[in-house]
Amino acid sequence: MSDSQNKDLEKQLVEVLRQNDRGSWTVPAADLYPHQWLWDSCFIAVGLRHIDIVRAQKELTSLLRGQWSNGMLPNMIFVAGKEYSRDREIWRSYLSPYSPNSVATSGITQPPMLAEAVMAVGEKLNKTERRSWYRKMYQPLVRYHEWLYTERDPHNEGLVINLHPYETGLDNSPPWISELRKHSMPWWLIGFERLHLDGVVNMFRRDTRHVPPGQRMSNIEALAYWAALRRLRRKAYNSEAILSRSLFAVQDLTFNSILIRANDCLSTIAAEIKAELPEELVTKFDNSRKALDQLWDDQEGQYFSRSFVSHKLIEEETIATLMPLYSGAVTRERAARLVDIMKKRRRFSLSWPLPSVPLNSHHFDPYKYWQGPTWVNTNWLVIKGLERYGYLEEAKALKDRTIELIEKSGPSEYFNPLSGEPEGAPNFSWTAALTIDLLRQRNH
Ligand code: GLC
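Bear in mind that the values here come from a model prediction, so they are computed numbers and not experimental data.

Quick look at the packing of aromatic side chains
All chains considered together, the criterion is met by 19 aromatic pairs. Residues Y33 and W37 carry aromatic rings whose centres are separated by 5.2 Å and whose planes lie at 80 degrees to one another, so their mutual orientation is edge-to-face. We note that Y33, like W37, is buried. Through successive ring pairs, a cluster of aromatic residues spans Y33, W37, W39, F43, Y369, W370, W375, W380, Y414, F428 and W430.

Written out as structure tokens, the structure is:
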């Protein structure tokens, strides 16, 4: 690709971000996702920093509007307006004494990408500006990471738990679907499934109005997720109360890999502004790096998510398999094994890598959301991981192929990993933003 082609593509991507801009934050996609999402805004800021650094900072500070007084950062901050009252009512964040008064939010979180995004923005500032930026974001970050450990690592295992699949960002990924079927199918839903009554749900779904139903989760899965959400809501999002009644809690591999990296970023931020992280938190960071080992399955030669309750690994290979590379906390030998898996033809090495579920999995479906399609954010995370472990050629190949994919198919939400065709919402913000980031890395 020539320099001018790079520039044309970047222009097109910047335009997508401009269209999705809502002032101080960006919607993931115009019709399908009208609110602000946590990890989306982090990825968006990573791209925006190349275009407009002040706007990139705003993207991240606007997330703090939603921070709960106990430190939680919610995965969604809702826009005001009557037409969205149903979205807000599904969550009823006001039931929790910790939720903010000024905005309505969800009651769960999403992968902790914020520290990485804050650092990425910091890299573009001069030393004085960077320090003042870090100072501004430091306390909210510390409170968030403290919340993750206090509320979500109740047995002090070093691995935090997720209470709803939406928290992982990989909504309908196979390990969660299998846990859901085991522990979280209400009796009425089993009846619905048997009698094929689930079609009624279409009336309430926004996503299938905008995207072909075959590219989204099934109605049964959507209903089960809603039922799981209602259980959290009933306990006013209090983790202890939820855990006392539910077996549906997972030590998710992607989430914990991202957390470990985020802890490193937060430590770097603290060092740069000469702040002392609370000692207890530093101990927790160290424990997490070691605890990742508990998710390793020697027989299968890979990491898996684990059920919090049974402590059994959930042996489903997905894109999460490659995420420990991003954590930076695995040995070189283990990293080499993961890279081998990534290069296998029947698994991740498809025409348009990396599929969210490997080709040889019985869950693989090239159309369906997080059960096969290729996503740019997970490619970006794996590229970072490959670079960290010195696999520069592999990182470059994945970078080039990802850019080619966007050139060919436009910045969609996800892509068919066999044909490269666009799927999900068109003009998706994080696809645009992260591709800008990949293009800029290519040029410098
Ligand atoms: C979907 C994705 C999630 C993302 C959200 C908004 O639910 O699974 O990761 O944050 O859309 O883009």
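Thoughts on the pattern of salt bridges
Summed over all chains, the structure comprises 24 salt bridges. Across the pair E116 and R261 runs a salt bridge, and its minimum N-O distance is 2.9 Å. In this pair, E116 is assigned in helix α5 (residues 114–122) and R261 in helix α12 (residues 253–272), connecting sequence segments 145 residues apart. Salt-bridge contacts for K396 lead to D400; the nearest nitrogen and oxygen are separated by 2.6 Å.

What to know about the environment of L313
Relative to the elements of secondary structure, L313 occurs in strand β7 (residues 313–314). The sequence separation of L313 and C42 amounts to 271 residues, and the corresponding C-alpha distance is 29 Å. With residues up to four places along the chain from it excluded, the contact list for L313 reads Q294, L295, W296, D297, F304, S305 and R306.

Section: the sheet that holds strand β6 (residues 305–307)
Taken together, the 3 strands give an open sheet; going across it, the order is β3-β6-β7, and neighbouring strands pair in antiparallel fashion. One side of each edge strand has no neighbouring strand; the edge strands of this open sheet are β3 (250–251) and β7. Sheet analysis places β6 next to β7, joined by 2 bridges and oriented antiparallel. Bridge assignment links S305 to a residue of β7, and that residue is I314.

Reading guide: rules and limits
- Residues numbered from 1 in each chain as written.
- Predicted model: local features only at pLDDT ≥ 70, side-chain atom pairs only at ≥ 80, totals over all residues.
- Heavy atoms only, no water.
- Phe/Tyr/Trp six-rings, centres within 6.5 Å; stacked < 30°, edge-to-face > 60°.
- Buried < 20%, exposed > 50% of the residue type's maximum accessible area, 1.4 Å probe, protein only.
- Salt bridge = Lys/Arg side-chain N within 4 Å of Asp/Glu carboxyl O.
- Helix = DSSP H or I, 4+ residues; strand = E, 2+ residues; numbered from the N terminus.
- Contact = heavy atoms within 4.5 Å.
- Pairing = 2+ DSSP bridges.

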